[in-house]
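# Observations on the three-dimensional arrangement
The primary structure of each chain is shown beneath.
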Amino acid sequence: MASWGRTAPENHHHPPAAGSDPAYRRGSLRFGEPVRRNPRVLARLGAMVEGASFYPFLSAWDNLAVLARTLGHYNPARLHHLLGLLGLGEVAHAPLVRGFSTGMKQRLGLAAALLHDPDIIVLDEPTNGLDPQGIHAFRAFVRRLVDEQGKTVFFSSHLLNEVQQLCDRVAIIQKGQLLAEGPLAELLGRYAANRYLIEATPIERALAVLQAHVPVHPYAQQGSTLVVQADRAQVPELARLLTEASISIYSIQPQNRTLEDLFLTITRNTQEPPLDEPDLAALSG
Amino acid sequence: MTNPTWQLFRAEWRKTTGNRWLLGCLVGIWPIAALVISVAILALVLLDSRAAAGLRTEPTPWTDVSLFFWAIPNSIIGRLLIVGFAAYLFAGEYQWGTWKNLVTRRGRVTLILMKFLTLGIFMVAAFLGTSLIWMIGRGIAQGIVGGSYPPALTEIPPSYWRQISLQILTAFLSTLTLAGVAALAALLTRSILASVLAGLGAALLDGFLGAALILLYIVTDQRFFPSLYRFSMSYNVDNLLNWANEGEATFVLGNVTVRENAVFDAIVVDPPLPGNGLLLSLGIMAVWAGLFVGLSVLAFYHQDITT
């Protein structure tokens, strides 16, 4: 389970680093009040949890109106604004929501989450079921929320590539346990494995030479490339060793880690044994 | 009006009226039935002179006509439709996954009580509308045949107001109890079908309770068993209607008639068990309604709706 949050602007209250604050663990935010069933705090939160759910027999407008009235703040101008903002103005009154595509429902879900102009918006797997265009539009909209309106968006997703493209801060939670939290760049740096991708021939000799000096990841060996784990300071020495062994070097480049790598690294020791690492050489051969 | 409670009621109302087919089948069916029967009677009096003569010579007072449909919640079909409507209102939110949208916006107790209020208003409005249509339909028929439609507004007997108010109160409490059972089942099972079945089961169980207690009385000869029936919903509904129409209590299980057969002779509780007073019956009905509504609130308050 991956979860990340966008850093809040300086002038906003924002959640503490989860796990570091006992009050947070008890279910509090830094609004100074307990969160659970607290209308004052809930009024500052907007959420779309487990996809967008609506009354299928009502129109988009009526669904939002029902939610707004439930909240006690029915404002037709706000409904009109939100539906227009999310590109649902044309379908506000027809068809009924049962005729909406998944993307339209997700957009309506976002409108519902923003209904009362909350400070914090919690989005749980909001891109599920969206096509690439829909995901792109969604991402752009969320960025605008954050950059232009100063909202704090908590985004919970298993789509780590999506998370990496959109988020500033990341928290990795597994079975309710916070395993890591911080700015994405910092986390990627902190957990960087100092891996280098070396393209050389003959690869078998290169492997033999390098194995004597640094850890080599045989599973990452593919064709004429292999991955080694080494400090940056070791790289010239490795190049020299390979050259002295008459091995042709085509490139040595740092292997950038992705959020997925980070996630797998962090969770590897805490979950059930992973599937065997694939032998890419064997797969390609 | 921007009062938050009023807004919440409007939201509940919009949700309920939004599903027109379901609303028509479960609630609208009563006024529709009254309309159809009224039209049929009109056609009959227009086409059949004997029927018209009968209506002219023996007019039914509109005060009696107005009481007719308030017995709906005590019929099996009435109970089925009430339970179905309650199940739809409460379990529907699980089916559509919409509870999670609501509980982040308002307190749970308020949300659930507003549902009960909406349900009660819908049902009472439906019965009221049905009675009005029935009264007007019969009035038109009386007018066509040239008969009278007594009593005049100035001659309404004082007992009528007691009758109609008790009928409405009984219908409301009976509806609320059934709705409470269905709601509790809906909240626990999260299924419309399961809550309909549970609600019907409870209604049938209440109906069979009398027979079971009679049987225990026969076997044990203990008056304690039939006297338990005075706490049942069925008895108290009957008793309240008796208070409304006759101005007196009905004996506990005293109106049970068992046909003579090879196993049992005609059975009565002898001497008869005196019936509940009006206030006691109202109190017992209120306790039943309050119990199930309260349990529903409790169940919903402690429920994790995200699972």
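Whatever comes next refers back to the structure up there.
These remarks concern the structure in this document. (Residues numbered from 1 in each chain as written. Chains lettered and ligands numbered in written order. Predicted model: local features only at pLDDT ≥ 70, side-chain atom pairs only at ≥ 80, totals over all residues.)

Before going further, it helps to examine the overall build of chain A. Each helix and strand in chain A was counted, giving 12 helices and 10 strands. A fraction of 66% describes how many contacts in chain A between residues 6 or more apart in sequence connect residues 24 or more apart. (Helix = DSSP H or I, 4+ residues; strand = E, 2+ residues; numbered from the N terminus. Contact = placed C-beta atoms within 7 Å.)

On to the overall build of chain B, then. Summing up its helical and strand segments, chain B has 13 helices and zero strands in all. Scanning chain B from its N terminus toward the C terminus, one meets helices and strands in the order α-α-α-α-α-α-α-α-α-α-α-α-α. Looking at chain B as a whole, 39% of its 307 residues qualify as buried. Considering only intrachain contacts with a sequence separation of at least 6, the fraction spanning at least 24 residues in chain B is 79%. (Buried ≥ 20, exposed ≤ 12 C-beta atoms within 10 Å, placed from the backbone.)

Residue and element names in this part refer to chain A. Residues Leu226 and Val228 point to one face of strand β9 (residues 225-229) and are all buried, whereas Thr225, Val227 and Gln229, pointing to the other face, are not buried. Pairing between strand β7 (residues 195-201) and β9: five bridges, direction antiparallel. Its bridge partner being in β9, Glu199 is matched across the sheet by Thr225. (Pairing = 2+ DSSP bridges.)

As a further point, take the interface of chain B and chain A. Between chain B and chain A, the residue contacts involve 20 residues of the former and 22 residues of the latter. Ranked by residue count, the leading element in the side of chain B that touches chain A is helix α1 (residues 4-18) of chain B, at eight residues. Grouping the constituent residues of the side of chain B that touches chain A by class yields five nonpolar, nine polar and six charged. (Nonpolar A, V, L, I, M, F, W, Y, C, P; charged D, E, K, R; others polar.)

Moving on, we get to unusual backbone geometry. Following Ala94 of chain A, the chain continues into Pro95 of chain A via a peptide bond in cis, with omega recorded as 0°. Take Pro95 of chain A: it is sitting in the loop between α4 (76-85) and α5 (102-113). At the junction of Pro150 of chain B and Pro151 of chain B, the peptide bond is cis and its omega measures out at -5° in the coordinates. The topology assignment puts Pro151 of chain B in the loop between α8 (108-145) and α9 (158-189). A positive phi angle is found at Lys175 of chain A, which is not glycine, with a value near 50°. Here Asp221 of chain B, not a glycine, exhibits a phi torsion of approximately 60°, which is positive. As for its placement among the helices and strands, Asp221 of chain B is situated in the loop between α10 (192-220) and α11 (224-228).

These figures come from the coordinates and say nothing about function on their own.
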